[in-house]
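Residue-level listing of the chains:
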Amino acid sequence: MTISVQTNYVDGDGGFAKLLRDWRQKRRLSQLDLALMSGVSQRHVSFLESRRANPSRNMILQLSETLEVPLRERNAWLTAAGYAPIFKTRALDDPQMAQVMSAIRMMLAAHEPFPALALDRAWNVRLSNRSFDQLGAMLGEDIWSRVGGEGRNLMRLFFHPNGIRPFVTNWSAVGPLMWQRAQREAEALAGIEMKAVLDELAPYQDPHILWSAADASLVPVIPFNMDIRGMKISMFAVVATFGTAQDITADELRLETLFPADPETEAMFRAAAQANS
């Protein structure tokens with residue numbers, strides 16, 4: 001491989017070389033690891049990180065794909081190296097998003113009578129099915145205004161003191177896991193919006209609860225158990241993403257489907273669906 005060496009290559013503090021190094025370290029990879037995984041020589045990776053070589057556009061895309069960098073951040077890589085960004089951010093009602101939105105609505109509807117929702121990278125609820133909306137109404141018609149913020153944010157729903165937390169009976173197991181998942185996603189996705197929500201909610205949290213999961217047993221999934229005015233509900237979540245998205249909005253969407261964790265919860269949701277049909 002031919003390496004273009006440029007001894008006067010100028011790259012600011014937020015430039016490509018730093019972005020490459022930061023994301024490689026974030027993924028806990030050595031330069032050799034990245035070289036082997038991406039098919040690029042270790043020498044070239046070293047030259048890119050030390051600003052001794054300029055990256056080509058294809059090299060940026062190749063390395064960012066290997067490091068599983070979110071599309072939003074790949075645009076930042078391209079811009080930092082002097083190239084135009086190539087990934088678009090489309091509104092959910094953009095005609096070119098119609099196929100994606102149709103698929104999401106089909107999946108949400110197919111999951112009835114159980115709750116399902118689509119989240120963005122800050123855990124804002126972008127779409128939801130009727131079962132999720134009915135579950136929210138059980139917590140009070142004003143539940144979303146009680147937790148504050150614009151729109152419906154799942155982190156605020158769980159971690160604001162006026163939200164769902166008083167109803168969750170196994171909070172010491174569920175709370176730490178959800179908080180840590182949000183922190184990992186914010187770090188992995190470079191989620192500035194999620195980090196802002198976490199900073200906003202952190203003062204409300206008990207550090208002992210957030211950093212321990214003493215009640216979490218070694219089971220495949222941890223259900224979250226609720227008691228809403230005597231009605232006991234037990235569910236667990238499965239998260240899906242779009243694996244081949246080429247649009248930032250689609251890349252950042254998460255489909256969260258909730259399943260009953262016991263026969264009683266399943267029967268309750270099925271009965272509620274029949275009553276509202």
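Before reading on, note that the structure itself is shown above.
All values reported here derive from a predicted model rather than from experimental measurement. (Residues numbered from 1 in each chain as written. Predicted model: local features only at pLDDT ≥ 70, side-chain atom pairs only at ≥ 80, totals over all residues. Heavy atoms only, no water.)

A. Up close: empty space enclosed by the protein. Taken as a whole, this structure holds one cavity of 30 Å³ or more when the rule is applied. As for the largest cavity, its lining consists of Ile104, Met107, Ala118, Ala240, Thr241, Phe242, Leu253, Arg254 and Leu255. Looking at the lining of the largest cavity residue by residue, the classes come out as seven nonpolar, one polar and one charged. (1 Å grid on protein atoms, 1.4 Å probe; cavity = no way out; pocket = protein on both sides within 12 Å on 5 of 7 lines; lining within 4 Å. Points joined across faces, edges and corners; volume = space filled by probe spheres on them. Nonpolar A, V, L, I, M, F, W, Y, C, P; charged D, E, K, R; others polar.)

B. Inspection of the packing of aromatic side chains at higher detail. Taken as a whole, this structure holds six aromatic pairs when the rule is applied. Between phenylalanine 158 and phenylalanine 224, the ring centres sit 5.8 Å apart and the planes meet at 80°, which makes this aromatic pair edge-to-face. Taken together, the residues span a long stretch of sequence, with phenylalanine 158 in helix α9 (residues 154-159) and phenylalanine 224 in strand β3 (residues 224-228) at a distance of 66 residues. The pair phenylalanine 158 / phenylalanine 224 is uniform in exposure class, with both members buried. (Phe/Tyr/Trp six-rings, centres within 6.5 Å; stacked < 30°, edge-to-face > 60°. Helix = DSSP H or I, 4+ residues; strand = E, 2+ residues; numbered from the N terminus. Buried < 20%, exposed > 50% of the residue type's maximum accessible area, 1.4 Å probe, protein only.)

C. Spatial organisation of the layout of surface pockets. Of the volumes computed, that of the largest pocket is approximately 550 Å³. Elements with a minimum of two residues in the lining of the largest pocket: α7 (130-138), α9, α10 (171-188), β4 (231-241) and β5 (254-260). Per-element accounting of the lining of the largest pocket gives the leading share, six residues, to α10. Along the lines of polarity and charge, the residues of the lining of the largest pocket split into 19 nonpolar, one polar and four charged.

D. A look at the nonpolar core. Ranked by size, the top nonpolar core spans 36 residues in total, and within it Trp123, Leu154, Met155, Phe158, Phe159, Met226 and Met235 carry the most contacts. For this core, the secondary structure elements donating two or more residues are β1 (116-119), α7, α8 (143-147), α9, α10, α11 (192-201), β3 and β4. Sorting elements by how many residues they give to this core places α10 first, with six residues. With 19 residues, the next largest nonpolar core counts Trp23, Leu29, Trp77 and Leu78 among its residues. (Core = buried A, V, L, I, M, F, W, Y, C linked by side-chain atoms within 4.5 Å.)

E. Expanded view of unusual backbone geometry. The omega torsion across glutamate 112 and proline 113 is 15°, close enough to zero to call that bond cis. Along the chain, proline 113 falls in the loop between α6 (98-110) and β1. Residues other than glycine seldom take positive phi values, yet glutamate 68 does so here, at roughly 55°. Its location among the elements puts glutamate 68 in the loop between α4 (57-66) and α5 (71-80).

F. Representation of the sheet that holds β5 within the structure. Overall, antiparallel pairing links the five strands, which are arranged β2-β1-β5-β4-β3 in an open sheet. The open sheet terminates on both sides in strands that have one partner only, identified here as β2 (125-128) and β3. The sheet shows a mean angle of 30° between the axes of neighbouring strands, taken without regard to direction. Bridge count between β4 and β5: seven bridges; the pairing is antiparallel. Across the sheet, residue methionine 235 finds its bridge partner in β5, namely proline 260. Of the strands in this sheet, β1, β2 and β5 touch α6, which is tilted by about 55° from β2. (Pairing = 2+ DSSP bridges. Axes fitted to C-alpha atoms, helices over the stretch in contact; angles between N-to-C directions. Contact = heavy atoms within 4.5 Å.)

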